[in-house]
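Read off the chains here:
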Amino acid sequence: MVASAAVRLFGMWASPAVRRVEWALKLKGIEYEYIEEDLSNKSSSLLEFNPINKQVPVLVHNGHPVVESLVILEYIDETWKDNPMLPVDPLERAKARFWATFVDVKCREESRKAFFMEGEEKEKAIENLQVQLKALDEELEGKKFFSGDHIGYTDLAIGWMAFWLGVAEEAAGFKANYDVKFPNFSRWMKDFLAEPVIKDNLPLREKTVEFFRAFKQLGSCTKRFWESSRRVIVVIPERQRHSWACVGDE
Amino acid sequence: MASEKGVMLLDFWVSPFGQRARIALAEKGVEYEYKEENLRDKSELLLKSNPIHKKIPVLIHDGKPICESLIIVQYIDETWSDKAPLLPSDPYQRAQARFWADFVDKKVFECGGKLWKLKGEEQEAAKKEMIEILQILEAQLGDKKYFGGDIFGFVDVAFVPFTSWFYSYETCANFSVEEVAPKIVQWAKRCMERESVEKTLPDPKRVYEFVCYLKKRFGIE
């Protein structure tokens, strides 16, 4: 274990973006202090370290904050150089970043729509998500993981789908049918979740499903949840405010 | 994909995302072939090179495509690393640069689009948002020459193409960037003193003509 008492991570237990950073820290063997945030009552430290987005995760290294989970991943990789997560070759790095951004932006958008919406809009989102899963499935042809024989940056970036997609499906009552339609992707999900660093660092499934089920209920109470691009901001009356009131893109 | 040697850029003249790639290539002194795409009739090469998004810009280097403008700029920086580094060498400074480039990416274009697409209260709300975005960026710039400090860097490349849209934003939404964010305007002028930027960015009046054409096409008054 690399001794690094100067590393702190502000997070929230149900957030996939936070877990992504924890997986990276564990892969590198970096010790860190974890601080659980109540997102309905954010700590002054969080607001000081991330005044722009006011979101988790925030990595604080020697007092200096780094925000946005994919930015944090690259920071971790460049600061602690053992067990590199990104390849060395510029073209391979570009491909890794491409797939990470694709999933972070596009797949997340369609997953959210499939989760929050109903009727035709829900069906359309599931359709779009399946087109995206097909692309991911093809990318995995002949590979155990997106990064090759071992998990790397791309797997950590896409990893939320291995766990949280299933959670979203159960909480919101839809099926993306990847086990039937996308064998490579389905196999990757199992292999990824079986990796020790991942397996030992996931929230409890039932608790997470319950959380997202309640989150969906709250989301349905308002019309404003698509206002902000790339973020889901659930505006709810004061009396109903809860710890998940502002689960944004981080 | 045919393994042709050389660099090609599939692009569209007014795209700020394409301009990022052009500026980065110029800063590095890389020779390349520019191919203007008709976005209403995309070439087979574009569709084959970027099957997922089907968008420009696409950089094709020795037959291999690279997509997404900020990924392209990082690729250019890492491949032609001997000259004009766009990202700093310190990991923390690099993280800061990536954060701010990502901030520009998430905020400026979409909000800017609202300024010319919307009217009335919605446009007013978008204007308030744009002013806030510009002031946040201005605070980040501070009194530095560039966002990268003394060096013209990643965030400068990410943001400067949008400066040729300022005139369109101001005209459509009735406000002045100089009034709300004077340091940003000064920074834009300094960037325009660089050949890479001066030769790449279109005249703001041409951009405005394009916006007017889009408004007509989409039936926006």
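Parameters and conventions
Residues numbered from 1 in each chain as written. Chains lettered and ligands numbered in written order. Predicted model: local features only at pLDDT ≥ 70, side-chain atom pairs only at ≥ 80, totals over all residues. Heavy atoms only, no water. Helix = DSSP H or I, 4+ residues; strand = E, 2+ residues; numbered from the N terminus. Buried < 20%, exposed > 50% of the residue type's maximum accessible area, 1.4 Å probe, protein only. Contact = heavy atoms within 4.5 Å. Areas by Shrake-Rupley, 256 points an atom, 1.4 Å probe, with all protein chains shown as cover. UniProt positions renumbered as here; feature names shortened; annotations may be inferred. Core = buried A, V, L, I, M, F, W, Y, C linked by side-chain atoms within 4.5 Å. pLDDT = per-residue confidence, 0-100. Buried area = accessible area lost by both parts, 1.4 Å probe. Salt bridge = Lys/Arg side-chain N within 4 Å of Asp/Glu carboxyl O. Polar contact = N/O pair within 3.5 Å; in protein donor to acceptor, adjacent residues only side chain to side chain. Nonpolar A, V, L, I, M, F, W, Y, C, P; charged D, E, K, R; others polar. Phe/Tyr/Trp six-rings, centres within 6.5 Å; stacked < 30°, edge-to-face > 60°. Pairing = 2+ DSSP bridges.

A. Representation of the overall build of chain A. When helices and strands are tallied, chain A shows 11 helices and 4 strands. Put simply, chain A has 250 residues, and 57% of those count as buried. Considering only intrachain contacts with a sequence separation of at least 6, the fraction spanning at least 24 residues in chain A is 69%. By element, 51% of the accessible surface of chain A is carried by carbon and sulfur atoms, the whole surface being about 11100 Å².

B. Representation of the UniProt feature "domain: GST C-terminal" (unreviewed entry) in chain A in the model. The positions UniProt marks with the feature "domain: GST C-terminal" (unreviewed entry) are residues 89-215 of chain A. Spanning residues 89-215 of chain A, this segment combines 77% helix with 0% strand, and its end C-alpha atoms are found 42 Å apart.

C. Quick look at the nonpolar core. If you look at the biggest cluster of nonpolar residues, it comprises 159 residues, and the most contacted ones within it are A:Leu136, A:Met161, A:Phe185 and B:Phe159. Ignoring sequence-local partners within four residues, the contact set of A:Met161 consists of A:Val103, A:Cys107, A:Leu129, A:Leu133, A:Leu136, A:Gly166, A:Phe185 and A:Met189.

D. Focus on the UniProt feature "domain: GST C-terminal" (unreviewed entry) in chain B. Here the UniProt feature "domain: GST C-terminal" (unreviewed entry) sits at residues 90-218 of chain B. Here residues 90-218 of chain B runs as 74% helix and 0% strand, with 46 Å between its end C-alpha atoms.

E. Representation of the confidence of the model for chain A within the structure. Per-residue confidence for chain A gives a mean pLDDT of 87; residues scoring 70 or more make up 86%. Within the model, pLDDT remains below 50 along residues 222-250 of chain A, and this stretch shows 67 contacts once partners closer than five positions in the same chain are excluded.

F. Structural context of the interface of chain B and chain A. Each partner contributes to the interface: chain B provides 27 residues, whereas chain A provides 27 residues. Across the chain B/chain A interface, buried area totals approximately 2300 Å², and carbon plus sulfur atoms make up 66% of it. The largest contributions to the chain B side of the interface with chain A come from B:Tyr92, B:Phe99 and B:Lys106, which together make up 24% of the buried area. On the surface where chain B and chain A come into contact, there are 6 salt bridges. The residue A:Glu78 makes a salt bridge to B:Arg94 at a minimum N-O spacing of 3.0 Å. Remark: the boundary between chain B and chain A carries 7 residue pairs in polar contact (both at pLDDT 80 or more). Elements with a contribution of two residues or more to the side of chain B that touches chain A: strand 4 (64-67), helix 3 (69-79) and helix 4 (91-117) of chain B. The biggest single contributor to the side of chain B that touches chain A is helix 4 of chain B, with 13 residues. By residue class, the composition of the side of chain B that touches chain A is 13 nonpolar, 4 polar and 10 charged.

G. Expanded view of the pattern of salt bridges. All chains considered together, the criterion is met by 31 salt bridges over all chains. Here B:Arg98 and A:Glu78 are joined by a salt bridge, their closest N and O atoms 3.2 Å apart. Of this pair, B:Arg98 sits in helix 4 while A:Glu78 sits in helix 3 (residues 69-79), which puts the two residues in different chains. Judged by relative accessible area, which is 6%, B:Arg98 ranks as buried. Note that B:Lys114 and B:Glu129 form a salt bridge whose closest N and O atoms lie 3.5 Å from each other. Within this pair, whereas B:Lys114 is found in helix 4, its partner B:Glu129 is found in helix 5 (residues 120-141), the two being separated by 15 residues in sequence. Accessibility expressed as a relative area gives 30% for B:Glu129, which makes it partly exposed. Connected through salt bridges with shared partners, the residues A:Glu74, A:Glu78, A:Arg93, A:Arg97, B:Glu78, B:Arg94 and B:Arg98 form a single ionic network.

H. Representation of the packing of aromatic side chains in the model. Throughout the structure, instances matching the rule amount to 38 aromatic pairs over all chains. An angle of 75° between the planes, with centres 5.3 Å apart, marks the rings of A:Trp23 and A:Phe192 as edge-to-face. Taken together, the residues span a long stretch of sequence, with A:Trp23 in helix 1 (residues 16-27) and A:Phe192 in helix 9 (residues 183-194) at a distance of 169 residues. For the pair A:Trp23 and A:Phe192, a shared accessibility class is recorded, and that class is buried. Centre to centre, the rings of B:Phe109 and B:Phe162 are 6.2 Å apart; their planes meet at 55°, and the pair counts as tilted.

I. The pairing of strand 3 (residues 58-61) of chain A, seen in detail. All names here are of chain A. Covered by surrounding structure in strand 3 are Val58 and Val60 together with Leu59 and His61, the residues of both alternating faces. The pairing of strand 3 with strand 4 (residues 64-67) spans 4 bridges and is classified as antiparallel. Its bridge partner being in strand 4, Leu59 is matched across the sheet by Val66. From the end of strand 3 to the start of strand 4, which pair antiparallel, there are 2 residues, and Asn62 there has a positive phi angle of about 50°.

J. Quick look at the UniProt feature "domain: GST N-terminal" (unreviewed entry) in chain B. Mapped onto the present numbering, the UniProt feature "domain: GST N-terminal" (unreviewed entry) falls at residues 5-84 of chain B. Taken end to end, residues 5-84 of chain B is 38% helix and 21% strand, and its two terminal C-alpha atoms sit 23 Å from one another.

K. Inspection of the side chain of A:Lys216 at higher detail. Residue and element names in this part refer to chain A. Relative to the assigned elements, Lys216 resides in helix 11 (residues 205-219). Judged by relative accessible area, Lys216 falls into the buried class, the value being 11%. Ignoring sequence-local partners within four residues, the contact set of Lys216 consists of Phe115, Phe116, Met117, Glu118, Lys122, Ala171 and Ala172.

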